[in-house]
Amino acid sequence: GNSVTQMEGPVTLSEEAFLTINCTYTATGYPSLFWYVQYPGEGLQLLLKATKADDKGSNKGFEATYRKETTSFHLEKGSVQVSDSAVYFCALSDSSSNTGKLIFGQGTTLQVKP
Amino acid sequence: DSGVTQTPKHLITATGQRVTLRCSPRSGDLSVYWYQQSLDQGLQFLIQYYNGEERAKGNILERFSAQQFPDLHSELNLSSLELGDSALYFCASSVGWTGELFFGEGSRLTVL
């Protein structure tokens, strides 16, 4: 079945450091890929998405490229801020299922120190 | 504010009891999804309703049930509660099948 694997956290970085959170997936068909972010005490919010191979999703300085050959969708940011501290979830949606349901990875906690 | 409202925010109950969690989706969204978030299992998809009908089913226990009403709000019923049911339960809504879900802030259930 479909699944998503993320790098384990927590990831601790200093402000202005470069961020990479790895995500790989297993899926039949042609899934859409997503990154969601969960700030402390809040629900998940969509951060960015990509719907087909080689698409790059970007938002708020974050970006991720849909790599079909390596089945990956790694999240990157060039310079993190303290306010980026949160839990990041990689997810996929099987567009052929006509449900829109998401399969999530385990989540990666990011802590950014001043 | 995502526009998705969940009540109650916190709930403490005892083993063997039954609780109902409520979700009001964003205005205009026909789909409602329920997810369970626990430390050891991560985010698990439970069930989806679309315009009152069950659309997809995930890892939902037989002790759990859900429904979506004509006004599109949804309820998740959890019965014969066990300690392991303690978790954060999220509701999300969407207008179509794009995977762009809008999440509520969750209902934290503690079973003692």
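Residues numbered from 1 in each chain as written. Chains lettered and ligands numbered in written order. Predicted model: local features only at pLDDT ≥ 70, side-chain atom pairs only at ≥ 80, totals over all residues. Heavy atoms only, no water.

Draft legend 1. Broad picture of the layout of surface pockets. Considered as a void within the structure, the largest pocket measures approximately 680 Å³ in volume. Lining of the largest pocket is provided by 24 residues; of these, Gln38 of chain A together with Gln37, Leu39, Leu88 and Arg108 of chain B occupy positions nearest its centre. If you list the elements that add at least two residues to the lining of the largest pocket, you get β10 (86–93) of chain A together with β4 (31–38), β9 (87–94) and β11 (107–111) of chain B. Residue classes in the lining of the largest pocket are distributed as 9 nonpolar, 11 polar and 4 charged. Those elements that provide at least two residues to the lining of the second largest pocket are β6 (44–50) of chain A together with β1 (5–7) and β10 (102–103) of chain B. In terms of residue count, the dominant contributor to the lining of the second largest pocket is β6 of chain A (3 residues). A per-class count over the lining of the second largest pocket returns 6 nonpolar, 7 polar and 5 charged. (1 Å grid on protein atoms, 1.4 Å probe; cavity = no way out; pocket = protein on both sides within 12 Å on 5 of 7 lines; lining within 4 Å. Points joined across faces, edges and corners; volume = space filled by probe spheres on them. Helix = DSSP H or I, 4+ residues; strand = E, 2+ residues; numbered from the N terminus. Nonpolar A, V, L, I, M, F, W, Y, C, P; charged D, E, K, R; others polar.)

Draft legend 2. Inspection of the interface of chain A and chain B at higher detail. Taken residue by residue, the interface counts 17 residues in chain A and 22 residues in chain B. When chain A packs against chain B, close to 1,600 Å² is buried across both sides, 53% of that on carbon and sulfur atoms. Our count for the contact surface shared by chain A and chain B stands at 1 salt bridge. Two residues, Glu100 of chain B and Lys49 of chain A, come together in a salt bridge whose shortest N-O distance is 2.3 Å. Listing elements by their share of the side of chain A that touches chain B, those giving two or more residues are β5 (32–38), β6 and β10 of chain A. (Contact = heavy atoms within 4.5 Å. Buried area = accessible area lost by both parts, 1.4 Å probe. Salt bridge = Lys/Arg side-chain N within 4 Å of Asp/Glu carboxyl O.)

Draft legend 3. The arrangement of the side chain of Ser31 of chain B in detail. Residues and elements named next belong to chain B. Following the sequence through the fold, Ser31 ends up in strand β4. A polar contact of 3.1 Å, which involves the side chain of Ser31, links it to the side chain of Gln48. Contacts of Ser31, omitting those with residues within four sequence positions, involve Gln48, Tyr49, Tyr50, Ala92, Ser93, Ser94 and Trp97. (Polar contact = N/O pair within 3.5 Å; in protein donor to acceptor, adjacent residues only side chain to side chain.)

Draft legend 4. Molecular detail of the sheet that holds strand β9 (residues 75–77) of chain A. Residue and element names in this part refer to chain A. Spatially, the 4 strands line up as an open sheet ordered β3-β9-β8-β7, and their pairing is antiparallel. The open sheet has two edge strands, β3 (19–21) and β7 (56–59), and neither has a second partner. Each adjacent strand pair in this sheet contributes to an overall mean axis angle of 15°, direction not counted. Across 3 bridges, strand β8 (residues 62–65) lies against β9 in antiparallel orientation. Pairing of Ala64 across the sheet is with Leu75, part of β9. (Pairing = 2+ DSSP bridges. Axes fitted to C-alpha atoms, helices over the stretch in contact; angles between N-to-C directions.)

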